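Fold and contact review
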Amino acid sequence: MSPGSSIHMSLKINGRDHKLLAAACDTLLDVLRDKLGMTGTKKGCDMGACGACTVLAEDRRIKSCLALAASYDGRSITTIEGIGEADKLHQLQAAFIRHDALQCGYCTPGQIMSGLALVEEQPANLEAIREGMSGNLCRCGAYPNIVAAIAEVAGL
Amino acid sequence: MSGPLFQYGRAASVSDARIQALKPGTAFLAGGTDLLQLWKSGAMRPAAVVDISRLPLGDVEFIDGQLSLGALARLSDVATHPDVTRYHPLIAEAILASASGQIRNMATVGGNLLQRTRCPYFRNDQLACNKRKPGSGCGALSGQNRQAALFGTSPLCVATHASDLAVALAALDAEVEVLGSEGKRRFSLRDLYRLPGETPEHETNLAPGELITGVHVPNATRFAGCSTYLKIRDRASFEFAIVSVAAALQIENGKIVEARLAAGGVAPLPWRLDQTEAALAGRALDAQTIAAAGDMAVEHARPLADNGFKVALLRNAVIRALQTLESRP
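Residues numbered from 1 in each chain as written. Chains lettered and ligands numbered in written order. Predicted model: local features only at pLDDT ≥ 70, side-chain atom pairs only at ≥ 80, totals over all residues.

Looking at the interface of chain B and chain A
To be explicit about the condition: Contacts here follow a simple rule: the backbone-placed C-beta atoms of the two residues must lie within 7 Å. Going along the chain from the N terminus, every DSSP run of H or I of four or more residues is numbered as a helix, and every run of E of two or more is numbered as a strand. Following the grouping adopted for this structure description, the nonpolar residues are Ala, Val, Leu, Ile, Met, Phe, Trp, Tyr, Cys and Pro, the charged ones are Asp, Glu, Lys and Arg, and the polar ones are all others, Gly among them.
Each partner contributes residues to the interface: chain B has 25 residues there, and chain A has 29 residues. Of all the secondary-structure elements, those providing two or more residues to the side of chain B that touches chain A are strand S1 (7-10), helix H2 (33-41), strand S3 (48-51) and helix H6 (101-106) of chain B. A total of five residues in the side of chain B that touches chain A trace back to one element, the largest contributor, which is H6 of chain B. The residue makeup of the side of chain B that touches chain A, split by class, is 10 nonpolar, 12 polar and three charged.

Structure below.
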């Protein structure tokens with residue numbers, strides 16, 4: 001493929017196929033939010049430090065602000081919109097509510113997507129959850145409750 | 001927050017990647033975790049990126065004692081690969097001490113080795129930096145240099161290399177395999193990097209367009225039960241090293257047969273402590289030997305105004321790493 005300033009690409013997001021024209025410089029985060037209107041995924045630092053933009057690509061958690069959209073052409077993406085519904089929450093979403101694992105809620109979609117992937121990695125103990133969640137910041141400081149919610153779903 | 005627009009192309013093959021990258025202003029895109037930060041901060045302004053992430057360079061293989069890491073192997077896959085955890089736990093430890101879970105899923109071996117320095121003067125395009133803008137001066141030399149290097153610096157640049165993986169690989173005498181216009185070549189990882197000298201903008205010995213295709217670790221399984229990666233940083237996780245130490249020993253009949261020591265966060269490249277290694281050989285790993293190794297590791301350190309604490313930190317990190325190995329059964 002010779003270099004170009006835009007690319008016709010496709011993404012399978014939450015099981016649904018999307019075709020779109022992305023600019024060469026667009027991040028996956030910007031495509032999700034600005035081109036597809038899927039604003040559940042949040043933009044925090046936009047530099048890979050805060051984790052608010054965490055989504056799953058081929059079931060692995062990534063930071064969508066550091067993912068060049070064009071590079072994910074044809075890939076399968078899961079966002080916060082794809083894991084539960086208002087009347088049928090994912091068990092990790094329900095656990096976040098039960099454990100009061102949020103205050104302002106801005107980081108929560110990223111925390112939940114990251115936590116989902118971490119549960120699949122089968123953390124051995126609470127320390128492994130704290131270490132495994134270090135890519136997600138919470139300015140409100142809800143960390144103990146976030147760890148507790150993930151621990152419950154991980155069976156710890 | 002972003003830099004000037006760039007074009008996007010996808011490499012059809014390894015040789016196509018190399019040819020596309022010969023065009024000035026072209027950067028390889030693998031995981032993108034560093035490139036996108038550099039572009040957003042204005043520290044790098046590529047005219048085009050060549051996406052190499054789909055090239056078949058992602059395998060991890062262990063054959064006849066040699067570990068081979070494809071340049072595009074993801075850090076998380078390397079760290080959890082059964083042959084890596086079994087025969088090269090030093091590599092797994094160094095990777096798991098790096099970045100965050102999300103970034104390890106994206107970042108690649110080749111990209112990790114070629115990540116740019118975290119020196120704040122390099123990362124901010126408003127500040128003076130000879131590495132980013134030759135001739136603009138080194139802001140860190142007389143400015144904030146708490147993170148700066150102790151060894152291998154020049155009056156033009158005092159930045160450190162940020163990779164943990166490179167420190168472990170340097171300790172294990174790893175080699176890099178690259179593809180250039182003359183075909184493939186393979187050389188020591190230690191020769192991948194250049195000291196800043198008069199040209200801090202030239203960080204590696206790669207020719208334009210030359211692409212790292214893999215990393216090979218020679219048989220080092222004799223160290224597997226006796227190695228450790230110690231990383232000291234400002235917070236417990238998701239942070240770059242202030243000082244790190246990769247240590248591996250082969251001990252027989254109570255004597256050190258062979259020692260490997262490399263330090264991170266203290267030099268423009270992974271810093272092998274050759275002299276200290278030589279001094280350890282033939283000795284028993286006791287308190288006296290360990291203390292002497294700590295002292296020797298910091299000989300010739302040249303601290304600046306704010307990073308003198310790193311001298312004591314490196315000495316103590318070497319001591320603690322060796323104590324960890326001493327206490328192993």
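Back to the text.
Focus on the domain arrangement of chain A
Residues and elements named next belong to chain A. Put simply, the rule reads: The start and end points of each domain follow an automatic or database-based domain assignment.
What the domain assignment reports for chain A is domain 1 (6-82) and domain 2 (91-154). Each of domain 1 and domain 2 has a C-alpha centre, and the two are 21 Å apart. Domain 1 puts 14 residues into the contact, and the matching count from domain 2 is 11 residues. When contributions to the side of domain 1 that touches domain 2 are tallied by element, the ones reaching two or more residues are strand S3 (54-57) and strand S4 (60-63).

Section: the sheet that holds strand S2 (residues 26-29) of chain B
By definition, the strands of a sheet pair up through backbone hydrogen bonds, in either a parallel or an antiparallel sense. All names here are of chain B. Selection rule: Here, strands pair whenever DSSP counts at least two bridges between them. Note on geometry: axes are C-alpha line fits, over the in-contact stretch for helices, and angles between N-to-C directions span 0 to 180 degrees.
Ordered by their spatial adjacency, three strands build an open sheet running S1-S3-S2, and the pairing between neighbours is parallel. Of all the strands in the sheet, the pair left with one neighbour each is S1 and S2. Neighbour to neighbour, the strand axes of the sheet diverge by 25° on average, direction disregarded.

Quick look at the packing of helix H2 (residues 91-98) of chain A against helix H3 (residues 108-120) of chain A
Residues and elements named next belong to chain A. In plain terms, the rule: Put simply, angles under 35 degrees are roughly parallel, angles over 145 are roughly antiparallel, angles from 65 to 115 are roughly perpendicular, and the rest are oblique. Here a crossing is taken to be left-handed if its near helix is turned anticlockwise relative to the far helix by less than a right angle, and right-handed if that turn runs clockwise.
H3 packs onto H2 with a crossing angle of 125° between their chain directions and a minimal axis gap of 10 Å. By the criterion of interaxial angle, the relationship of H2 to H3 is oblique. The way H2 lies across H3 gives a crossing that is right-handed. Residues Leu92, Gln93 and Phe96 of H2 form the contact with H3, whose own contacting residues are Thr108, Ile112, Gly115 and Leu116.

A few points about the pairing of strand S5 (residues 66-70) of chain B
All names here are of chain B. Relative to S5, strand S4 (residues 60-63) runs antiparallel, the two sharing four bridges. Across the sheet, Ile63 pairs through a bridge with Gln66, a residue of S5. Where S4 folds back on S5, the antiparallel hairpin that results is connected by two residues, among which Asp64 adopts a positive phi of roughly 50°. Sheet topology places S5 next to strand S8 (residues 211-217); four bridges connect them, and they run antiparallel. In the strand pairing of S8, Leu69 is matched with Val215.

Quick word on H2 of chain A
All names here are of chain A. The condition that has to hold: Exposure criterion: with C-beta atoms placed from backbone coordinates, a residue whose C-beta has 20 or more other C-beta atoms within 10 Å is buried, one with 12 or fewer is exposed, and one in between is partly exposed. Arc definition: it is the arc formed by the directions from the helix axis to the C-beta atoms.
Turning to H2, its buried residues are Leu92, Gln93, Ala95 and Phe96. Take H2 and look down its axis: the buried residues cluster within an arc of 160°, on one side only. The inward-facing, buried residues of H2 contact H3 and helix H5 (143-154). Positive phi appears at Asp100, one or two residues downstream of H2, with a value of about 55°.

Overview of the pairing of strand S6 (residues 175-180) of chain B
Residues and elements named next belong to chain B. When S6 meets strand S7 (residues 183-188), the two strands line up antiparallel, connected through six bridges. Counted as the bridge partner of Glu177 is Arg186 from S7. Taken together, S6 and the strand that follows it, S7, pair antiparallel across an intervening segment of two residues.

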